[in-house]
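Survey of secondary and tertiary structure
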Amino acid sequence: CPSPVQGGDVGQCEKVQDQFRQQVLAGTEILDRTGDSLFRAQQVALETDAVGGEIINDLGTQREALERTRTRLIESDLELGRSRRIIKKMYLNVFSNKIILIVIILIEIAILCGVIYWKYGRK
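Now for a description of the structure that goes with this document. Within each chain, residues carry numbers counting from 1 in the order of the written sequence. Only residues with pLDDT of at least 70 get local features here, since the model is predicted, and only at 80 or more are side-chain atom pairs given and counted; chain-wide, interface and lining totals rely on the full set of residues. Note: side-chain values were computed over all heavy atoms of the structure, leaving out hydrogens and water.

1. Let's talk about the overall build of the protein
- Secondary structure follows DSSP: runs of H or I at least 4 residues long count as helices, runs of E at least 2 residues long count as strands, and numbering of each begins at the N terminus. A tally of regular secondary structure across the protein gives one helix and zero strands.
- Only protein chains enter the calculation, and the probe is 1.4 Å; a residue is then buried if its accessible area is under 20% of its type maximum, exposed if over 50%, and partly exposed in between. When each of the 123 residues of the protein is scored for burial, the buried share is 2%.
- Roughly 11500 Å² of accessible area belongs to the protein as shown, and the carbon and sulfur atoms make up 63% of that amount. Residue burial considers only the protein chains on display, and all accessible areas are found by Shrake-Rupley using a 1.4 Å probe.

2. Some details on a nonpolar patch on the surface
- A surface patch of nonpolar side chains, about 770 Å² in accessible area, is lined by Tyr91, Leu92, Phe95, Ile99, Val103, Ile107, Ile111 and Val115.
- Under the relative-accessibility criterion, Phe95 is labelled partly exposed at 45%. Each patch groups residues whose relative accessible area exceeds 30% and which form no salt bridge, using 9 Å between like charges and 5 Å between nonpolar side chains of Val, Leu, Ile, Met, Phe, Trp and Tyr. The salt bridge definition used is simple: a Lys or Arg side-chain nitrogen within 4 Å of an Asp or Glu carboxyl oxygen.

3. Comments concerning the pattern of salt bridges
- All chains considered together, the criterion is met by three salt bridges.
- Here Arg21 and Asp18 are joined by a salt bridge, their closest N and O atoms 3.0 Å apart. Of this pair, Arg21 and Asp18 both sit in helix 1 (residues 10-121), three residues apart, roughly one helical turn.
- Residue classification places Arg21 among the partly exposed residues on the basis of a relative accessible area of 46%.
- Since its relative accessible area comes to 42%, Asp18 is described here as partly exposed.
- Residue Arg63 is joined to Glu67 by a salt bridge in which the shortest nitrogen-to-oxygen separation is 3.2 Å. Residue Arg63 and its partner Glu67 are both found in helix 1; the two are separated by four residues, about one turn of the helix.
- Arg63 sits in the exposed class, given a relative accessible area of 57%.

Here it is in structure tokens:
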């Protein structure tokens, strides 16, 4: 700014300096708000990272549980297959025992008829 000795307008110079100060202050405020905004964004990113880590750990635990469950299901299926075979063998044994029992009953009836005929039918 020119000095009053040089013949310059001091009022005009102060006005320009005030505008410059206002612009600098406004820029500083914007910079502060931007810094705060970046800090908040960084905090959100850190929290998101922590939550993501917890989720990954939970998913790993759930995966292990699902794998154990799958293994148990496969083992149960094998046991069910064995049980089916055993029950089928038992059913066949019961069926063959019934047939043998029916044959024995028929033989006893035939013997009884023979005895009755021999005792009463030969007169």
